[in-house]
Amino acid sequence: MISRIELIKKIDAAMGPGLLGLLPKASPVKKRGLKAGKILVIRPGGLGDALLLLPALKSVSRHLPGLCIDMLCEPRNQAVFSHAPYISRIFSYQNPADLVRLAARHYELIIDAEQSHYLSAVLARFLRADRRTGFKVNNRERVYSGSIPYAHDRYEAGLFWELVHASLGLALDF
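Let me sum up the structure you'll find in this document. Treat the numbers as computed from the prediction; the structure is a model and nothing was measured.

Conventions we followed
Here the residue numbering is sequential within each chain, running from 1 through the sequence in written order. Whole-chain, interface and lining totals are the exception, using all residues; otherwise, since this is a predicted model, local features are given only for residues with pLDDT of at least 70 and side-chain atom pairs are given and counted only at 80 or more. Here the side-chain values reflect all heavy atoms present in the structure, with hydrogen atoms and water set aside. Axes here mean lines fitted to C-alpha atoms, for a helix over just the part in contact, with angles spanning 0 to 180 degrees between N-to-C directions. By the criteria applied, helices consist of DSSP H or I runs no shorter than four residues and strands consist of E runs no shorter than two, each listed in order from the N terminus. For classification purposes, angles smaller than 35 degrees are called roughly parallel, those larger than 145 roughly antiparallel, those between 65 and 115 roughly perpendicular, and all remaining angles oblique. Crossing handedness is defined as follows: a turn of the near helix away from the far one that is anticlockwise and smaller than a right angle gives a left-handed crossing, while the clockwise case is right-handed. Note on contacts: a residue pair is in contact if any heavy atoms of the two residues lie within 4.5 Å. Only one rule defines a salt bridge in this text: a Lys or Arg side-chain nitrogen within 4 Å of an Asp or Glu carboxyl oxygen. Whether a residue is buried, partly exposed or exposed follows from its accessible area with a 1.4 Å probe, protein chains only, as a fraction of its type maximum: under 20%, in between, or over 50%, in that order. Ring pairs are drawn from Phe, Tyr and Trp, using the six-membered ring of Trp, whenever the two centres fall within 6.5 Å, and their geometry is named by plane angle: stacked under 30 degrees, edge-to-face over 60, tilted for the rest. Note on criteria: charge over ring means Lys NZ or Arg CZ within 6 Å of the ring centre, with the direction from the centre no more than 35 degrees off the ring normal.

Helix 3 (residues 75-82) packs onto helix 2 (residues 47-63) with a crossing angle of 30° between their chain directions and a minimal axis gap of 9 Å. It follows that helix 2 is roughly parallel to helix 3 by the angle criterion. Regarding helix 2 and helix 3, the two cross each other, and that crossing is right-handed. Every residue of helix 3 that contacts helix 2 at L47, A50, L51, L53, L54 and L57 is listed here: R76, N77, V80 and F81.

Next up, the structure:
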């Protein structure tokens, strides 16, 4: 029996590149400031990457105290984010009602913290946002208004820090 995660990965590998290629290329956006401070961070994947993302989100919440940070993640890493007081709402990939709620919301910024799979970039492109950012890898950058390079030989927490801070126009005080 194949697990949901394995099924999603198989769908991602089979359909993700094609879906990504069908989407129109995003226009770069130079504006970095936030009006109301409402962002969505997409972090599929496992517990380790979720833990490595937390310091960047905590730092941003200190720099921008009124910032509303929502998370879209998998059930296996929801507990990590649920214990972070600076996370406002947590949505699950595997809950269709959560995906409907996300489709109805509007964000000033969506940060896609996935490094390699395609479907998070496709989803980010369909959700309503003024800007979208993510890693420049696997042609995913085409759907973002801004991206940073990803390097497999760099420390993951540092890359997350760079992505989150650059997305919000904050200094990299790692």
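A separate point is the pattern of salt bridges. One pass over the structure, following the stated rule, counts eight salt bridges. With a shortest N-O distance of 3.5 Å, D49 and R43 are connected by a salt bridge. The class for R43 is buried, based on a relative accessible area of 1%. Put simply, R105 and D70 hold a salt bridge, and the shortest N to O gap is 3.2 Å. One end of the pair, R105, is in the loop between helix 4 (96-104) and strand 4 (106-112); the other, D70, is in strand 2 (residues 68-73), and 35 residues separate them in sequence. For the pair shown, R105 and D70 are each scored as buried. Put simply, R43, D49 and E114 are held in one network by salt bridges that share partners.

Tallied over the full model, the rule gives two aromatic pairs. Each ring, one from F135 and one from Y150, has its centre 5.1 Å from the other, and the planes form 70°; the classification is edge-to-face. Placement of the pair is F135 in strand 5 (residues 128-136) and Y150 in the loop between strand 6 (146-149) and helix 6 (156-168), with a sequence separation of 15 residues. Ring centres 6.2 Å apart and planes at 45° place the aromatic pair F135 and F160 in the tilted group. Here F135, found in strand 5, pairs with F160, found in helix 6; they are 25 residues apart in sequence, far enough to count as distant. Judged by relative accessible area, which is 0%, F160 ranks as buried. If you follow K38 out to its NZ or CZ, it ends over the ring of Y107, 5.6 Å from the centre.

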